[in-house]
Amino acid sequence: MTATTDSTIELTLLQPDDWHIHLRDGAALSTTVRHAAASFNRVICMPNLVPPVKNIVDARSYRERILQHLQACDLSPERKVAFDPRMTLYLTDHTTVQDIEAAAQSGIVQAVKLYPAGATTNSADGVTDINACVDVFEAMEKHDLPLLLHGEVTHDHVDIFDREKRFLDEVLAQIIVKFPTMKIVVEHITTSDAADFVLAQGNQVAATITPQHLMFNRNHLLVGGIKPHFYCLPILKRASHQKVLLDVATSGNPKFFMGTDSAPHPIDAKESACGCAGCYSAAAALPLYATAFDSVGKIDKLEGFASRFGAQFYGLPVNQSTITLVNTPMQVPTHYPYFDGRKLTPLMAGETLPWSIKSQ
Ligand code: DOR
Ligand code: ZN
């Protein structure tokens, strides 16, 4: 951190990576790729497209589409060269060991994503019986391909606020016993139970945390009217959980790292009688995390969380370029243009954040 002469404070970090992002496909990429590539070098692209990214052929062509949009962006040549979309395969009941082997050898697939069927947006093709994945998990363990988890059970009778804990206790604990060296990321954790669970495991188990789960709790979603732009899955939990997430994220423990889960849905799909789950944070992600870390006096811990621990977990080098945050307030736009004349409302739309990215 450098304090400059006046009251300006600058914080230069190694370039961050986003280990969990939804870029979507087609015309949506014109918005999402530009926002992601402006800040991040590597991004792990979620595979919940329609139809999903199920094998290496799908992954290659999706990556090509992302890169085509990158070329059309108004970003510097340096940013374009640095941006590296890392792909994921969507695990289904029909994923084969050959799919895993091909992914492991591809050089572009970073991990395999498990959505329990019906857990969230575009998860209908997800896994219905985890016991049927034994061969695939064995292959992932053998080839060191991490498993990324949307860690929620989906049974109708389980309360939505309990779904993450039930997944950890009833599903994940058994997976870890059976596949003790498989790398696992419990994504977008939302509870103290999840933080404790991850802390209790070996170094092969880590977690990502989103900006919304660090900055907000279920009161923000529900008190004084339903705020659909805070609705995401797993759903925001009570304030005591939010506090623990902030504690572990800012603790310097490398098991916890950045994964925005930035998930675009057009305004009309969010502000609806049946609104979609997802918060769009890609464009302001770093100022959002900086605000959260600063709120507990831990901005010095941001670089590890944003730029080092994820790369370490995946066995990748940390980035060499840097990005500078400055304590000049940033006004989050009320919306961004999206495709087909639609608009996208970001997390904290219209609000002012105390940190912004210094233009280079
Ligand atoms: O809130 C969410 N939105 N959670 C997810 O797991 C999926 C994501 C999306 O794809 O919109
Ligand atoms: Zn996600």
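Refer to the preceding data block for the structure.
Here the structure is a predicted model, which is why all the values come from computation and not from measurement.

### Quick look at the overall build of the protein
If you tally the helices and strands in the protein, you get 13 helices and 16 strands. The C-alpha radius of gyration of the protein comes to 19 Å, within 12% of the 21 Å expected for a compact globule of 360 residues. Once the C-alpha set of the protein is aligned to its principal axes, its extents read approximately 60 × 45 × 40 Å. When contacts within the protein are restricted to residue pairs at least 6 apart in sequence, long-range pairs at least 24 apart make up 72% of them. With the model as given, the accessible surface of the protein reaches about 14400 Å², and the carbon-plus-sulfur share is 52%. Taking the average place of the 30 positive charges on the side chains of the protein and the average place of its 38 negative ones, the gap between the two points comes to 3 Å.

### Observations regarding the nonpolar core
Most often, soluble globular proteins have nonpolar side chains that are buried together. In this structure, Phe-137, Leu-172 and Ile-184 are the most contacted members of the largest nonpolar core, which totals 102 residues. Counting residues per element, this core draws most heavily on helix 12 (residues 285-295), which supplies seven residues. If we ignore the near neighbours within four places in the chain, the residues touching Ile-184 are Leu-147, Leu-149, Leu-172, Ile-175, Ile-176, Gln-204, Val-205, Ala-206 and Phe-313. Ranked by size, the runner-up nonpolar core spans 14 residues in total, among them Met-46, Phe-257, Phe-313 and Tyr-314.

### Concerning the coordination of the zinc ion (ligand 2)
At the metal site, the zinc ion (ligand 2) is ligated by His-20 (NE2), His-22 (NE2) and Asp-261 (OD), and these contacts range over 2.0 to 2.1 Å. Mapped onto the sequence, the donors of the zinc ion (ligand 2) take the spacing H-x1-H-x238-D.

### Examining the pairing of strand 9 (residues 205-209)
For strand 9, a buried count of five out of five residues is recorded, marking the element as mostly surrounded by other parts of the structure. Neither face of strand 9 is left uncovered, since the one carrying Val-205, Ala-207 and Ile-209 and the one carrying Ala-206 and Thr-208 both have all their residues buried. Here three bridges tie strand 8 (residues 184-186) to strand 9, and the two strands are oriented parallel to one another. Residue Val-185 lies in a different strand from strand 9, and its bridge partner there is Ala-206. In this region the chain leaves strand 8, passes through helix 7 (residues 192-200) and returns to the parallel neighbour strand 9; the handedness of that crossover is right-handed.

### Concerning the packing of aromatic side chains
As enumerated under the stated definition, the model contains 11 aromatic pairs in all. Plain terms: the ring middles of Phe-257 and Tyr-314 are 6.4 Å apart, the flat faces sit at 65 degrees to each other, and that makes the pair edge-to-face. Pair noted here: Phe-257 is in strand 10 (residues 256-258) and Tyr-314 is in helix 13 (residues 302-314), with a separation of 57 residues, a long-range link. Ring geometry for Phe-313 versus Tyr-314: centroids 5.3 Å apart, planes at 85 degrees, classification edge-to-face.

### Structural notes on the sheet that holds strand 8
What the eight strands build is an open sheet, ordered 3-4-5-6-7-8-9-10; its pairing is parallel. Looking at the sheet topology across the chains shown, the edges are occupied by strand 3 (18-21) and strand 10. For this sheet, the mean angle separating the axes of adjacent strands, direction not counted, is 30 degrees. Taken strand by strand, helix 6 (residues 163-178) contacts strand 7 (147-149), strand 8 and strand 9, and its axis lies near 170 degrees from that of strand 8.

### A word on helix 1 (residues 29-39)
When you tally the buried positions in helix 1, you get eight out of 11 residues, the bulk of the element. Every buried residue of helix 1 is accounted for by Leu-29, Thr-31, Thr-32, Val-33, His-35, Ala-36, Ala-37 and Ser-39.

### Some points on the site of ligand 1
Arg-24, Asn-48, Leu-233, His-265 and Ala-277 are the nearest of the 14 residues found near ligand 1. Within the side chain of Arg-24, one N or O atom sits 2.7 Å away from an oxygen atom of ligand 1. Within the contact set of ligand 1, a nitrogen atom lies 2.8 Å away from a backbone nitrogen or oxygen of Leu-233. Taken by itself ligand 1 offers 290 Å² of open surface, and the protein chains cover 100% of this.

### Observations regarding the packing of helix 12 against helix 13
Viewed as axis vectors pointing N to C, helix 12 and helix 13 meet at an angle of 140 degrees, and their least axial separation amounts to 9 Å. In terms of orientation, helix 12 lies oblique with respect to helix 13. Residue-level inspection shows Leu-286, Tyr-289, Ala-290 and Phe-293 of helix 12 in contact with helix 13, the latter providing Leu-302, Phe-305 and Ala-306.

### A few points about unusual backbone geometry
The residue after Val-50, namely Pro-51, is reached through a cis peptide bond having omega -5 degrees. Residue Pro-234 is reached from Leu-233 by a cis peptide bond, and omega for that bond is -5 degrees. With respect to the element layout, Pro-234 can be found in the loop between helix 9 (218-222) and helix 10 (239-249).

### Overview of the side chain of Asn-41
One can find Asn-41 in the loop between helix 1 and strand 4 (42-45). Residues within four places of Asn-41 in sequence aside, it is in contact with Gln-15, Pro-16, Asp-17, Arg-79, Ala-82, Phe-83, Asp-84, Asn-319 and Ser-321.

### What to know about the pattern of salt bridges
Within the structure shown, the criterion is met by 12 salt bridges. Here Asp-74 and Arg-34 are joined by a salt bridge, their closest N and O atoms 2.5 Å apart. Here Arg-34 lies in helix 1 and Asp-74 lies in the loop between helix 2 (56-72) and helix 3 (77-82), a separation of 40 residues in the sequence. We note a salt bridge from Asp-247 to Lys-243, for which the minimum N-O separation is 3.1 Å. Placement of both Asp-247 and Lys-243 in helix 10 is noted, with a separation of four residues, approximately one turn of the helix.

### What about the environment of Pro-16?
Within the fold, Pro-16 resides in the loop between strand 2 (9-14) and strand 3. Relative accessible area serves as the criterion here: at 0%, Pro-16 is assigned to the buried category. A sequence separation of 183 residues divides Pro-16 from Leu-199, and the C-alpha atoms of the two residues are 23 Å apart. Here Pro-16 is in contact with Ser-39, Phe-40, Asn-41, Met-258, Leu-286, Ala-306, Ser-307, Asn-319 and Ile-323, once residues within four sequence places are set aside.

Rules used in this analysis
Residues numbered from 1 in each chain as written. Chains lettered and ligands numbered in written order. Predicted model: local features only at pLDDT ≥ 70, side-chain atom pairs only at ≥ 80, totals over all residues. Heavy atoms only, no water. Helix = DSSP H or I, 4+ residues; strand = E, 2+ residues; numbered from the N terminus. Rg over C-alpha atoms; globule rule 2.2 N^0.38 Å. Contact = heavy atoms within 4.5 Å. Areas by Shrake-Rupley, 256 points an atom, 1.4 Å probe, with all protein chains shown as cover. Lys, Arg positive; Asp, Glu negative; His and termini not counted. Charge placed at Lys NZ, Arg CZ, Asp CG, Glu CD. Core = buried A, V, L, I, M, F, W, Y, C linked by side-chain atoms within 4.5 Å. Buried < 20%, exposed > 50% of the residue type's maximum accessible area, 1.4 Å probe, protein only. Donors = N, O, S within 2.8 Å, 3.2 Å for Na, K, Ca; no water. Pairing = 2+ DSSP bridges. Right-handed = clockwise from strand over helix to strand, strands pointing away. Phe/Tyr/Trp six-rings, centres within 6.5 Å; stacked < 30°, edge-to-face > 60°. Axes fitted to C-alpha atoms, helices over the stretch in contact; angles between N-to-C directions. Near = heavy atom within 4 Å. Polar contact = N/O pair within 3.5 Å; in protein donor to acceptor, adjacent residues only side chain to side chain. Parallel < 35°, antiparallel > 145°, perpendicular 65-115°, else oblique. Salt bridge = Lys/Arg side-chain N within 4 Å of Asp/Glu carboxyl O.

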